[in-house]
Amino acid sequence: MTEFDLSQTDRLLTTTKQVRKRLDLTRDVPMDVLLECIEIAGHAPMGGNAQRNRWMIVTDPELKAEIAGFYAAVGRPYLEAAGTPADDRMGRVIDSTVYLIDHLAEAPALVIPLRLDRPPSGEGFDNASGYYGSVLPGVWSFQLAARSRGLGSCWTTFHLGHERQVAEMLGIPESVSQVALLPVAYYTGDTFHRAPRRDVGEITFLNQWKNPPS
Ligand SMILES: Cc1cc2nc3c(=O)[nH]c(=O)nc-3n(C[C@H](O)[C@H](O)[C@H](O)COP(=O)(O)O)c2cc1C
């Protein structure tokens, strides 16, 4: 027995996709809907219940265009270096990634999740894990809350190659870190489908490394 409708929660969790070509670039996203998603994201787990995460919403067309320029400056050479896609599926991901590079500035809102500290450097993986583990779960919660409201988003990081320039443009202090950038828009079309993933029995071990769970 559970208080949730598993068919709905499982569908949300398995079909919330990164939306690029299906972002409706013609329709505004109400601020109160974005704020609802951010409120929900604040309930994701975080080390020490520290609440050191912040969010920047960018809707100003000039700022979005400048950010899109930085995004493209990293994204285009990255895709060129990646070379020919291994299969059709990767080909489609690259095709939609190029589309997003071309249209990022047209997204009604760019949402940048932030953390009030710089990442730990040279202090061991446990600290890095705690650092990112305290901010990234909220990004996924935001995407799920957005999808539930008919909004598509795409988790991106290309602009981080120019994090400082974008921070200066938005007045973000040097001590604050940007961890992603999500274009957010209502999505077009009906729904999304599960993408193929490795079998759970192949990626899960019981008691000993490589020992299958059943
Ligand atoms: C840490 C991280 C960084 C990513 N950076 C980008 C990016 O800069 N641009 C982009 O188009 N997609 C980016 N993605 C989206 C991935 O390409 C996408 O999640 C992956 O192809 C699986 O697709 P799905 O999430 O729709 O199932 C990123 C995802 C993650 C988790």
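Predicted model only: the values in this text are computed from it and were never measured.

How each quantity is defined
Residues numbered from 1 in each chain as written. Predicted model: local features only at pLDDT ≥ 70, side-chain atom pairs only at ≥ 80, totals over all residues. Heavy atoms only, no water. Core = buried A, V, L, I, M, F, W, Y, C linked by side-chain atoms within 4.5 Å. Buried < 20%, exposed > 50% of the residue type's maximum accessible area, 1.4 Å probe, protein only. Contact = heavy atoms within 4.5 Å. Near = heavy atom within 4 Å. Polar contact = N/O pair within 3.5 Å; in protein donor to acceptor, adjacent residues only side chain to side chain. Areas by Shrake-Rupley, 256 points an atom, 1.4 Å probe, with all protein chains shown as cover. Nonpolar A, V, L, I, M, F, W, Y, C, P; charged D, E, K, R; others polar. 1 Å grid on protein atoms, 1.4 Å probe; cavity = no way out; pocket = protein on both sides within 12 Å on 5 of 7 lines; lining within 4 Å. Points joined across faces, edges and corners; volume = space filled by probe spheres on them. Helix = DSSP H or I, 4+ residues; strand = E, 2+ residues; numbered from the N terminus. Phe/Tyr/Trp six-rings, centres within 6.5 Å; stacked < 30°, edge-to-face > 60°. Lys NZ or Arg CZ within 6 Å of the ring centre and 35° of its normal.

A. Broad picture of the nonpolar core. Within the largest apolar cluster, 27 residues are counted, with the highest numbers of intra-cluster contacts made by Ile67, Leu104, Leu110, Ile112 and Leu170. Setting aside chain neighbours within four positions, we find Ile112 in contact with Arg54, Trp55, Met56, Val58, His159, Val166, Leu170, Gln178, Ala180 and Leu181. The next biggest cluster of nonpolar side chains, apart from the first, holds 18 residues, and it includes Val135, Phe142, Ala145 and Val179.

B. Spotlight on the site of the ligand. Residues in contact with the ligand, as listed here, are Lys17, Gln18, Arg20, Tyr71, Thr97, Cys154, Trp155, Thr156, Thr157, Phe158 and Arg197. At 3.0 Å from a nitrogen atom of the ligand is found a side-chain nitrogen or oxygen belonging to Tyr71. For the ligand, an oxygen atom lies 2.8 Å from a polar atom in the side chain of Arg197. Coverage of the ligand by the protein chains reaches 66% of its 630 Å² of free accessible surface. For the shell around the ligand, a count of residues per class yields 4 nonpolar, 4 polar and 3 charged.

C. Structural view of empty space enclosed by the protein. Applying the stated rule across the entire model yields 1 cavity of 30 Å³ or more. Within this model, the largest cavity holds a volume of roughly 30 Å³. Forming the boundary of the largest cavity are Thr16, Lys17, Val19, Gln143, Arg147, Leu151, Gly152, Ser153 and Phe192. Of all the secondary-structure elements, those providing two or more residues to the lining of the largest cavity are helix H6 (136-148) and strand E3 (151-153). When residues of the lining of the largest cavity are assigned to their parent elements, the largest contribution, 3 residues, is made by E3. Partitioned by chemical class, the residues of the lining of the largest cavity number 3 nonpolar, 4 polar and 2 charged.

D. Fine view of the packing of aromatic side chains. Using the criterion set out here, one finds 6 aromatic pairs in the structure. When the centroid spacing of 4.8 Å and the interplanar angle of 75° are considered together, the rings of Tyr187 and Phe192 count as edge-to-face. With respect to burial, Tyr187 and Phe192 carry one shared label: buried. Taken together, the ring pairs connect Tyr71, Tyr78 and Phe158 into an aromatic cluster. Sitting over the face of the ring of Phe192, Arg22 holds its NZ or CZ atom 4.0 Å from the ring centroid. Of note, Arg27 hangs over the ring of Tyr186, and the distance from its end group to the ring centre comes to 3.7 Å.

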